[in-house]
Amino acid sequence: MLDDKIILGFETSCDETAIAILKGDELLVNTISSQVDIHEKFGGVVPEVASRAHAEMIRNIFHASLNSANLQISDIDIVSTTDGPGLVGSLVVGYNFAKSIAWSIDKPFLTVDHMVGHLAAPLIENRTMKPPFMTLLVTGGHTQIVLVEEWGNYQLLGTTIDDAAGEAFDKLSRFCGFGFPGGPAIQKIGEGGDPNKIELPRPKTKHKYNYSFSGLKTAATNFLNNLDPNDKVTKADFAASYQEAIVDSLLSNFVKAVNETGVKNISGGGGVMANSRLREKMNIFAENNDLNIYLPTPKLSTDNAAMICVAAQNNLITNDIKADDVRLSSIIA
């Protein structure tokens, strides 16, 4: 049984050095060290800088996490880590450190697909979430609609054919000088703005569940380039309208997939799922259609190691499914 097993998890796929410790249903530690301040001056994550920062921070964060949980390294029963997708250099730092820990204490070492981690994130706070359910995974590099028929049996119904939603936020924010990361910056600037002030497209693709955000980004930049100085458009109106276009696009295909499959449980995950407008409209959709909805809190939506722990735990419970068997990222590749 895994009720009393202590799982140590690492997540270093991008620019957060994250370590968590899970014991049964209890999350003992969930430490996240962000590199936002480091990369903000570049307007985006620089891979080489990110991997070096991980290497500099991971040892201290590991020891601090053990101390916070009042544990010794010998108390750990299972070690888990993200093995992709993500920035190669960043992943290598976390993978090698985690594997070294597992080897040194002679404990099982489990790898977890990053997207499966996001998919499992709602379980951290709500163990009642059970398949079948439809999930919307929205990260900096991926936008996916996934039907979970049972744990380990995942159908990728839709994905992005160009920019992901997170990229659409980041790139437009960099163009406008709003700040990094783009999603939170645009959300903050858009507070109080009119989301219907500017007509922006909701791009469609040939495949009914796929996404495309490059055209929306281009339409928004063209609007700014051709803006008449006499037009009364505030930064708040523009940011709110752009955010609304992304949210509407995300929900349009997701709602279609939910309605056409008839599932009664929905969920979400990924950094963009921390967006308050997206969460609001997801909850409205669930309420209006009598659906059960499971969303991780904003902190557990962004990259974290707690989701890696719970995904590893869930993989063990469901007949020891390994990451390579359930790799969502490889389906798109």
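About the cut-offs
- Residues numbered from 1 in each chain as written.
- Predicted model: local features only at pLDDT ≥ 70, side-chain atom pairs only at ≥ 80, totals over all residues.
- Heavy atoms only, no water.
- Helix = DSSP H or I, 4+ residues; strand = E, 2+ residues; numbered from the N terminus.
- Buried < 20%, exposed > 50% of the residue type's maximum accessible area, 1.4 Å probe, protein only.
- Lys, Arg positive; Asp, Glu negative; His and termini not counted.
- Salt bridge = Lys/Arg side-chain N within 4 Å of Asp/Glu carboxyl O.
- Contact = heavy atoms within 4.5 Å.
- Phe/Tyr/Trp six-rings, centres within 6.5 Å; stacked < 30°, edge-to-face > 60°.
- Expected span 1.5 Å × (residues − 1).
- Pairing = 2+ DSSP bridges.
- Axes fitted to C-alpha atoms, helices over the stretch in contact; angles between N-to-C directions.
- Arc of directions from axis to C-beta.
- Polar contact = N/O pair within 3.5 Å; in protein donor to acceptor, adjacent residues only side chain to side chain.

*Asks:* Looking at this structure, how should I read the environment of V49?
*Replies:* The topology assignment puts V49 in helix α2 (residues 47–68). Measuring from C-alpha to C-alpha, the distance between V49 and D25 comes to 35 Å, with 24 residues separating the pair along the chain.

*Asks:* Help me out: how do you make sense of the side chain of D15 in this one?
*Replies:* Within the element layout of this structure, D15 appears in the loop between β1 (6–11) and β2 (16–23). Although D15 lies buried, it forms no salt bridge, and the closest oppositely charged side chain, R174, sits 11 Å away as judged by the N-O distance. With near-sequence residues (within four places) excluded, D15 lies in contact with S33, S34, Q35, V36, H39, V45, H54 and F180.

*Asks:* Sorry, what's going on with the packing of aromatic side chains here?
*Replies:* When we look at a pair of aromatic rings, we describe it by the centre distance and by the angle of the planes. Enumeration over the complete set of coordinates arrives at 9 aromatic pairs. Ring plane angle 85 degrees and centroid distance 6.3 Å describe the contact between F169 and Y242, whose orientation is recorded as edge-to-face. Of this pair, F169 sits in helix α5 (residues 165–176) while Y242 sits in helix α8 (residues 235–261), and the two are 73 residues apart along the sequence. An identical accessibility class is assigned to F169 and Y242; each is buried. Among the aromatic side chains, those forming a connected cluster through ring pairs are F169, F223, F238 and Y242.

*Asks:* What is the right way to look at helix α7 (residues 214–225) in this model?
*Replies:* Since one α-helical turn is 3.6 residues long, residues separated by three or four positions face the same way. Between its first and last C-alpha, α7 extends 17 Å over 12 residues, near the 16 Å set by a 1.5 Å rise per residue. Residues of α7 that are buried in the fold lie against α5 and α8.

*Asks:* Could you clarify how one ought to interpret the sheet that holds strand β9 (residues 265–269) in this entry?
*Replies:* Think of a sheet as strands paired side by side through backbone hydrogen bonds, with each pair either parallel or antiparallel. Ordered by their spatial adjacency, 5 strands build an open sheet running β8-β7-β6-β9-β10, and the pairing between neighbours is mixed. Across the chains shown, the open sheet's two edge strands, defined by having one partner strand only, are β8 (153–159) and β10 (292–294). With direction set aside, neighbouring strand axes in the sheet form an average angle of 20 degrees. Sheet analysis places strand β6 (residues 133–138) next to strand β7 (residues 143–150), joined by 6 bridges and oriented antiparallel. Directly across from M134, in β7, lies its bridge partner L147. The strands touched by α8 within the sheet are β6, β7, β8 and β9, with β6 carrying the most contacts at an inclination of about 165 degrees. Docked against the sheet, helix α9 (residues 276–288) engages β6, β9 and β10, running at close to 175 degrees with respect to β9.

*Asks:* Honestly, α5 in this entry has me stumped. Any pointers?
*Replies:* Compared with the 16 Å implied by 1.5 Å per residue over 12 residues, the 17 Å span of α5 between its first and last C-alpha is a close match. All of the buried residues in α5 are A165, G166, A168, F169, L172 and S173. Buried residues of α5, viewed axially, fall in a sector of 165 degrees; they line one side. Against β6, β7, α6 (182–189), α7 and α8 lie the buried residues of α5.

*Asks:* Would you mind going over the side chain of Q313 with me for this structure?
*Replies:* Mapped onto the elements, Q313 comes out in helix α11 (residues 306–317). Polar side-chain contacts of Q313 include one of 2.9 Å to the backbone oxygen of G24. A distance of 2.7 Å separates a polar atom in the side chain of Q313 from a polar atom in the side chain of R127.

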